[in-house]
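Observations on the model geometry
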Amino acid sequence: MRHAFTLIHRWIGLAIAAFLFLSGLTGAVISWDHELDDLLNAHLHEVGGSGPAIASLELARQVEARDARVRVTYVPLAAEPGESLSFSVQPRVDPATGRLYEPGYNQVFLDPATGTELGRRQWGQAWPITSETFVSFLYKLHYSLHIPEMWGIDRWGVWLLGVVAAIWAIDCFIGLYLTLPVRHPPRPDRPAGVERALQRGWWSRWKPAWRIKTSGSAYRINFDIHRAFGLWTWLLLFILAFTGFSLNLYREAFYPMMSLISKVTPGPFELRTMADKHRPIDPGVGFAEVIDLARAEGKRRSWAEPVGGVFYAQHYGIYGAMFFHPGDDHGSAGVGPARLYFDGQDGRPLGGRQPWKGTAADIFVQAQFPLHSGRILGLPGRILISVMGVVVAALSVTGVVIWNRKRRARLAVRRHVSGPVGLTPAE
């Protein structure tokens, strides 16, 4: 049984090593996505002047007036002092072709006091990589590998890494099992010293697996690093693997699976089918009406935070209003702000979500991204996830080194047994 699990662990590790190495390093970096983006792109995020802000809806109107090919799909309602406003846009349908325009950008940055356009960029752009797209390139690489759309489907990379994460989660248990000491039944023909060593207490025999013997050979140190790092960080590795699976395969596997074992409150996106990519749903009501509805409902619910931003999901026909103070849109321990949803055609309410509220299953579902990103623990959690990204990359490299060393040893044994070329051992 142990030999079979060793083979499974070996071949699973080889199959997913490159994916984990890449995901580990990119994950270590994107834990600081906002800070890095601010550092690299101050020209997009910082404004020098001051003065009364122009209404965000007027700024959104100006964005659409400059380029009729796009529709504003996210409107931030207030900026932090000295910061720009970032509007998200999505392409409209080109009536000449019946397909979406390709404007080449999906974010527009404006000075809130003057309306001056500071820049545009395509978040998640694969190529060319510039200072403006570098962070989002890494972010999208982390969860989708930038695998392009094929046969009308643009989620191949997301699905692939979701499957890799699921396999990794299973392999975590196989790897843990392989570190456990082998049980040796007593044998009277063994030397007494050997027998005593083999029959030591269970912990005494497992304890060396947690250590790195720095005085050993380079291969031995590599092996100890692989085993000890895996043991010391096992729980975190499993959390990263499981949440990687749940986030990438949420609609396809995780949500249906959770619904079978517990009560999950479906949101409006779970209750609707996504429209065809080139057939977005035109809204029947505008941002202004939705903002008024959201403010009234937030007041009725006694929510302390104001409406901080409103988005329109044009492939679902759903508006979402998020409640936060400027700069706090990533609050609530990474789970995001409270939000209300409205139908895009008539503005009727479709429900809402509050951080860490709902059934046990709802809270577990909400916890997936905060756990994966480390934001559930705030700044210390983000530091920990950066360290874990390096650990995942190290485990991938050391695992391949172990396999390569053993492969070379097996080949050497075979060459020795076969003898000179063209001769059998008997000859």
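Heads up: the structure comes first, above all this text.
In this text, all values refer to a predicted model and were calculated from it rather than measured experimentally. (Residues numbered from 1 in each chain as written. Predicted model: local features only at pLDDT ≥ 70, side-chain atom pairs only at ≥ 80, totals over all residues. Heavy atoms only, no water.)

**Describing the overall build of the protein chain**
Within the protein chain, the secondary structure is distributed over 15 helices and ten strands. A principal-axis box enclosing the C-alpha atoms of the protein chain has dimensions of 90 × 50 × 40 Å. Considering the protein chain as a whole, with its 427 residues, one finds that 40% of them fall into the buried category. If you take every contact in the protein chain between residues at least 6 apart in sequence, the share linking residues at least 24 apart comes to 58%. For the protein chain, the accessible surface area stands at approximately 23100 Å², while carbon and sulfur atoms represent 63% of it. Of the side-chain charges in the protein chain, 45 are positive and 35 negative, and the distance between the mean point of each set is 16 Å. (Helix = DSSP H or I, 4+ residues; strand = E, 2+ residues; numbered from the N terminus. Buried < 20%, exposed > 50% of the residue type's maximum accessible area, 1.4 Å probe, protein only. Contact = heavy atoms within 4.5 Å. Areas by Shrake-Rupley, 256 points an atom, 1.4 Å probe, with all protein chains shown as cover. Lys, Arg positive; Asp, Glu negative; His and termini not counted. Charge placed at Lys NZ, Arg CZ, Asp CG, Glu CD.)

**Some remarks on the pattern of salt bridges**
For the coordinates displayed, the defined rule picks out 18 salt bridges. Put simply, aspartate 282 and arginine 71 hold a salt bridge, and the shortest N to O gap is 2.5 Å. You can see aspartate 282 sitting in the loop between helix 11 (250-261) and helix 12 (287-300) and its partner arginine 71 sitting in strand 1 (residues 70-76), a full 211 residues away along the chain. Overall, arginine 71 belongs to the buried group, its relative accessible area being 7%. For glutamate 297, the salt bridge goes to arginine 301, with nearest N and O atoms at 2.8 Å. One connected set of salt bridges, linked through shared partners, spans Arg272, Asp343, Asp346 and Arg348. (Salt bridge = Lys/Arg side-chain N within 4 Å of Asp/Glu carboxyl O.)

**Comments concerning the packing of helix 6 (residues 156-179) against helix 10 (residues 234-248)**
The angle between the axes and the distance between the axes are what describe a pair of packed helices. Contact pair helix 6 / helix 10: the axes reach a minimum separation of 8 Å and the direction vectors enclose 150°. Taken together, the axes of helix 6 and helix 10 lie roughly antiparallel to each other. As for how helix 6 packs across helix 10, the hand of that crossing is left-handed. Here helix 6 contributes Gly157, Val158, Trp159, Leu161, Gly162, Ala165, Ala166, Trp168, Ala169, Cys172, Phe173 and Leu176 to the contact with helix 10, which in turn contributes Trp234, Leu237, Phe238, Leu240, Ala241, Phe242, Gly244, Phe245 and Asn248. Its residues assigned to classes, the contact of helix 6 with helix 10 shows 17 nonpolar, four polar and no charged. (Axes fitted to C-alpha atoms, helices over the stretch in contact; angles between N-to-C directions. Parallel < 35°, antiparallel > 145°, perpendicular 65-115°, else oblique. Left-handed = near helix turned anticlockwise from the far one by under 90°. Nonpolar A, V, L, I, M, F, W, Y, C, P; charged D, E, K, R; others polar.)

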